[in-house]
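For reference, the chains in residue letters:
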Amino acid sequence: MSSHPATLPADARLHIEAGHSWAKLPIVAFVVGVAGIAGTFALGMGNTKQLYHSWLVALLYFLSLALGSLFFVLIQFLAKAGWSVVVRRIAENLAAPVPIFALLFVPILMGMHDLYHWTHADAVAHDELLQGKSSFLNNGFFIVRAVVYFAVWSFLATWYRRQSVAQDQTGDHAYTRRMTMASAPGVAAFALSITFAAFDWAMSLDPHWYSTMWGVWYFSGAILSAFALITVFTLRLQGAGLLRGVVNGEHYHDLGKLVFAFTVFWAYISFSQYFLIWYANIPEETSYFAHRMGNSWESVGILLMVGHFAVPFLFMMPRTIKRNPATLFLGACWVLLMHYVDIYYAVMPNLHHEGVRFAATDALAFLGVGGVYLGLALMMMRKGALVPVKDPRLPESLAFQNV
Amino acid sequence: MATTVYTEADQLEERLDQRAPLVLGGNDFHSVTELVARPIDRPGNMWWPAFLVSLTLLGVYGVAVAYLVWEGVGIWGLNNPVDWGWAIVNFVFWVGIGHAGTLISAILFLFRQKWRTGINRAAEAMTLFAVACALSFPTIHVGRVWLLYWVFPIPNQMAAWPNFRSPLLWDVFAVSIYGTVSLLFWYTGLIPDLATMRDRAKGALARKLYGFFALGWRGSQRHWQNYESAYLILAGVSTPLVLSVHTIVSFDFAVSQIPGWHTTIFPPYFVAGAIFSGFGMVLTLLIPSRIIFGLKDLITVRHIENMAKICLLTGTMVGYAYAMEFFIAWYSGNPYESFAFFNRAFGPYSWAYWTMISCNVISPQFFWFKKLRTNPLFVFIISIFINIGMWFERFVIAVTSLATDFLPSSWDYYSPTIWDVASFIGSFGLFFTLFTLFVRFVPMVAIAEVKTVMPQADPHHHPAAASKHGATVAARGGAH
């Protein structure tokens, strides 16, 4: 095993300079994003129920990537991790666009009536269960909560990136200390906000149904796909000639291990939720899976078992897969695809009880939300170095070995 | 040759450009061996009293079990709705404690937490003893203990099989596999240290016995290579096992339809609680042990602080689960579910519920403050609260939901008898007897592993040149 020097190589390219192939990417992403949004609304206005459901899937998907990245940053400080410093800035850049989701959330507010049954006053008037929940599930409080979630996430994502970038100038250890101090309360605030956001935006689509595991389920998908997304970005940046001699097989090995481990975590959470509901067989709980069985959604469920668990579990297990850029890239992209299927499977059966019905707006909303989010993330990457160059633990990360 | 002397202040200094030292004092490889072997060479005058007290408690357990076998489970406080009392509570309590050891040795190993080397041996031993205590309760609670073999799917002429759909049967497999793998893991880690004990043994019998168990270890390159691979594989295998055991235990409750038992968050919530209680017990055992056996240089305040942080994290996760249960009980609109939780907090068992909340959720919050979590006495006191709280958690779960079930006409209040108390207290006798024997005969710190995280283990280490602030990151080990 070769040993890696603990200093940044003199010829390492740490900036996306003007003229580099990645310099144009934000514009490309924004064009795709704006076109996607325009297309979604142009095509979707005829069927607003479909439009808003498509939008919600795209929003929950890309938001989970940003939130997962934010959580990645938080735990690196909480655990005082050394190995991950070379990839942390990429995660910071992927988390930093979180505030834009407050804007992308506006269509959800516009479509509340189409999305959420509990907003129908006439339905609530005849439904004792919904009346009981109305102190929680009502338009005003729903919006207030959304404002709180976005405030918490935006503050954390923006603050962490700012602190980290500021440290690039001075190398002052006080930045690291402050970020470490903030990470523990940050994780607590993050946990509560992501849980209730998942309850509000996804679980309340079927307002009669409930599961204490729901928040953990959304979190498990978010953190898994964030590991995959960070891996994909690091690999592509390196493919474009950046970060050479900075990120190496040791770091990829660790990222691959995390993708592997959290594939199992996602499966553990999803299985536990399904299994306990199936075993107890209580009608008010089984309704969730009853909608998803006996029609084409059942195939999607099986696809998740195989594609979201068995395939990445077996594929990501060998050491060589995780240390080979090509195979790791494949595995990470696959996980990102399956995470979309997982979110789709959670949301769409509420609209299409009869079975899977793809709509053009699904694809357009994906491009729209994804284009705007990734465009902003790519813009962040252009601003400043791609590595926290003066982080006190950078030497440890550069010299890091899997032993 | 001068050795750098690290102090507690160096360790708690929190430098960001290098990792804190894990072994304090001016220790070198030889002195670490001597330090760990000393309690075995000269047990001191505390050992016999501790052993005798433990043995007496074990005797109490023996009497309680003997009377139980003679008379039947009627001697316990079980009544009609509460047909699952302290036996299941004690079982889950002990199994939970049995999680810390393998978590430390497997999961912290995979996460490269080098500070685990100071505490993993004792924690793993504690795990095995806790699992032994845990297994004793399902064994005795069947009443006719001579028919215990019925829990195993053994082909028999009556064609009577255990119910494969029952999580209680899965428990048999889950706990016994976990116990077996934990034992293998512990023993694998012990082999180099047993060889050390063999080589320095003065008596012929000791040399024979240590030699027998050391399996001919000579510390050759090939031995170490096999050892390292075995250790990594066992860590990989143990990691899902740590999670699976308490997941299956949570299924014992959660697959039912009983309000307060059936909720989807149970598996990860139980696992978090198990780790919480396990670390609580590790702290309870090691804070006095490090003083009694003079191991303060190896089991340092930094180790205690890290464990306190894990307690804060897992205690708060348990608090999150309590909150989710409570919120969803209300949100579900299910009157039985809401009643179960309202009844827990304000019903006849509210004293137990609030004991649980205070001990499990509130008491670890003190660990937000560095001053408190680096004060061993304070951490010790909180660890006792954690032990109490986690026992009460299982009591609250098992008993409150049963005592007030769907039919108000069958409600009854559960009170333990003297025999319930005797078997619970007595099980501590089993636990501490095994633990005192362990510290008497087995190196309670992993000698070989601790040496790997000392500066001297670095091939580039120059004793003369090494100064506190000049040492490289790699050379100073890594306390996170």
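Residues numbered from 1 in each chain as written. Chains lettered and ligands numbered in written order. Predicted model: local features only at pLDDT ≥ 70, side-chain atom pairs only at ≥ 80, totals over all residues. Heavy atoms only, no water.

**Q** Help me understand the overall build of chain B, please; the structure alone is not making it clear to me.
**A** A tally of helices and strands in chain B yields 17 helices and zero strands. Relative to its length of 480 residues, chain B is compact, with a C-alpha radius of gyration of 24 Å against a globular reference of 23 Å. Seen through its principal axes, chain B has C-alpha atoms that stretch 80 × 50 × 40 Å. Within chain B, contacts between residues separated by at least 24 positions form 80% of all contacts whose residues are at least 6 apart in sequence. Here chain B has roughly 19600 Å² of accessible surface; of this, 70% comes from carbon and sulfur atoms. Averaging the positions of the 30 positive and the 26 negative side-chain charges in chain B gives two centres separated by 10 Å. (Helix = DSSP H or I, 4+ residues; strand = E, 2+ residues; numbered from the N terminus. Rg over C-alpha atoms; globule rule 2.2 N^0.38 Å. Contact = heavy atoms within 4.5 Å. Areas by Shrake-Rupley, 256 points an atom, 1.4 Å probe, with all protein chains shown as cover. Lys, Arg positive; Asp, Glu negative; His and termini not counted. Charge placed at Lys NZ, Arg CZ, Asp CG, Glu CD.)

**Q** Just to check I follow, could you spell out the overall build of chain A for this structure?
**A** For chain A, the count of helices and strands is 18 helices and zero strands. Taking 403 residues into account, the globule formula puts the C-alpha radius of gyration at 22 Å, and chain A, at 21 Å, falls close to it. In terms of overall dimensions, chain A has a C-alpha envelope of 70 × 40 × 40 Å along the principal axes. Put simply, chain A has 403 residues, and 61% of those count as buried. Look at the contacts in chain A between residues 6 or more apart in sequence, and 82% of them connect residues 24 or more apart. Here chain A contributes 24 positively and 21 negatively charged side chains, and the mean placements of these two sets differ by 14 Å. (Buried < 20%, exposed > 50% of the residue type's maximum accessible area, 1.4 Å probe, protein only.)

**Q** Teacher, can you tell me more about helix α7 (residues 167–200) of chain B here?
**A** Each α-helix winds once per 3.6 residues, and so residues spaced three or four apart point in a common direction. A rise of 1.5 Å per residue sets the reference length of α7 of chain B, with its 34 residues, at 50 Å; its end C-alpha atoms lie 48 Å apart and thus fit the reference within 8%. Its axis deflected by about 45° at I191 of chain B, α7 of chain B carries its strongest bend there, up to four residues before the proline P192 of chain B. (Expected span 1.5 Å × (residues − 1). Bend = angle between axes of the 7 residues up to and from the residue.)

**Q** I'm lost on a nonpolar patch on the surface in this one. Help?
**A** Residue and element names in this part refer to chain A. A contiguous nonpolar surface patch, about 520 Å² in accessible area, is contributed by I302, M305, V306, V311, W334 and L337. Put simply, the parts of the chain that give the nonpolar patch at least two residues each are α14 (297–315) and α16 (325–347). Here the element with the most residues in the nonpolar patch is α14; it accounts for four residues. Topologically, L337 is positioned in helix α16. The class for L337 is partly exposed, based on a relative accessible area of 44%. (Patch = residues over 30% accessible without salt bridge, like charges linked within 9 Å, V, L, I, M, F, W, Y side chains within 5 Å. Salt bridge = Lys/Arg side-chain N within 4 Å of Asp/Glu carboxyl O.)

**Q** Sorry if this is basic, but what is going on with the interface of chain B and chain A here?
**A** One frequent convention defines the size of an interface as the accessible area lost when the parts assemble. In this assembly, 38 residues from chain B lie in contact with 52 residues from chain A. Together chain B and chain A conceal approximately 3700 Å² of surface at their shared face, both sides included; 65% is due to carbon and sulfur atoms. Our enumeration of links across chain B and chain A arrives at three salt bridges. For E14 of chain B, the salt bridge is made with K80 of chain A, and the minimal N-O distance between the two is 3.0 Å. Inspection of the region where chain B meets chain A yields 18 residue pairs in polar contact (both at pLDDT 80 or more). Within the residue set of the side of chain B that touches chain A, elements represented by two or more residues are α7, α9 (221–254), α10 (266–292) and α11 (301–331) of chain B. The element contributing the most residues to the side of chain B that touches chain A is α11 of chain B, with nine residues. Of the residues assigned to the side of chain B that touches chain A, the class counts are 19 nonpolar, eleven polar and eight charged. (Buried area = accessible area lost by both parts, 1.4 Å probe. Polar contact = N/O pair within 3.5 Å; in protein donor to acceptor, adjacent residues only side chain to side chain. Nonpolar A, V, L, I, M, F, W, Y, C, P; charged D, E, K, R; others polar.)

**Q** Hey, could you run me through helix α4 (residues 86–97) of chain B in this one?
**A** All names here are of chain B. Between its first and last C-alpha atoms α4 spans 16 Å; for twelve residues at 1.5 Å apiece the expected length is 16 Å, and the two agree. Counting buried residues in α4 gives twelve out of twelve residues, a clear majority hidden from the surface. Listing the buried residues of α4 in full gives W86, A87, I88, V89, N90, F91, V92, F93, W94, V95, G96 and I97.

**Q** What is the right way to look at the packing of aromatic side chains in this model?
**A** Two aromatic rings, taken as a pair, are described by how far apart their centres are and by the angle between their planes. Inspection of the entire model under this criterion finds 110 aromatic pairs over all chains. Ring geometry for W217 of chain A versus Y218 of chain A: centroids 6.1 Å apart, planes at 50°, classification tilted. Residue classification places W217 of chain A among the buried positions, given a relative accessible area of 6%. Centroid distance F346 of chain B to W354 of chain B: 6.4 Å. Interplanar angle 55°. Geometry classified as tilted. The class for F346 of chain B is exposed, based on a relative accessible area of 54%. Above the plane of the ring of Y288 of chain A lies R292 of chain A, whose end atom (NZ or CZ) is 3.6 Å from the centre. (Phe/Tyr/Trp six-rings, centres within 6.5 Å; stacked < 30°, edge-to-face > 60°. Lys NZ or Arg CZ within 6 Å of the ring centre and 35° of its normal.)

**Q** I keep staring at the pattern of salt bridges and nothing clicks. Help me out?
**A** Once their charged atoms are close, side chains differing in charge can pair, the charge on each being opposite to the other. Residue and element names in this part refer to chain A. With the rule as written, the count across this model stands at 24 salt bridges over all chains. Here D168 and R89 are joined by a salt bridge, their closest N and O atoms 2.8 Å apart. You can see D168 sitting in helix α9 (residues 139–170) and its partner R89 sitting in helix α3 (residues 85–95), a full 79 residues away along the chain. Taken as a pair, D168 and R89 share a single burial class, namely buried.

**Q** Quick question: what am I supposed to make of the nonpolar core here?
**A** Nonpolar side chains in soluble globular proteins tend to end up buried together. Counting 285 residues, the largest nonpolar core has W201 of chain A together with W94 of chain B as the members making the most contacts within it. Per-element accounting of this core gives the leading share, 20 residues, to helix α2 (residues 48–78) of chain A. Ignoring sequence-local partners within four residues, the contact set of W201 of chain A consists of L56, L60, L63, F105, Y116, F142, A146, Y149, F150 and W153 of chain A. (Core = buried A, V, L, I, M, F, W, Y, C linked by side-chain atoms within 4.5 Å.)

**Q** What is the right way to look at the environment of Y187 of chain B in this model?
**A** Residues and elements named next belong to chain B. Tracing the backbone shows Y187 in helix α7. A relative accessible area of 25% means that Y187 is categorised as partly exposed. Along the chain, Y187 and A125 lie 62 residues apart, while their C-alpha atoms are 9.7 Å from each other. In this view, Y187 contacts L194, F213 and L215; residues no more than four positions away in its chain are not counted.

**Q** Looking at this structure, I do not really get the packing of helix α1 (residues 25–44) of chain A against α2 of chain A. What am I missing?
**A** Helix-helix packing is described using two parameters, namely the angle between the two axes and the distance between the axes. All names here are of chain A. Between α1 and α2, the shortest axis-to-axis distance is 9 Å and the interhelical angle comes to 155°. Here α2 runs roughly antiparallel to α1, going by the angle between their axes. From α1, I37, T40, F41 and G44 reach across to α2, where they touch T48, L51 and W55. Among the residues making up the contact of α1 with α2, the classes are represented as four nonpolar, three polar and no charged. (Axes fitted to C-alpha atoms, helices over the stretch in contact; angles between N-to-C directions. Parallel < 35°, antiparallel > 145°, perpendicular 65-115°, else oblique.)

**Q** Explanation requested: the environment of P325 of chain A in the structure shown.
**A** All names here are of chain A. Looking at the secondary structure, you find P325 in helix α16. In this structure P325 comes out as partly exposed when scored by relative accessible area, which is 45%. Sequence separation between P325 and Q238 is 87 residues, and the spatial gap between their C-alpha atoms is 9.8 Å.

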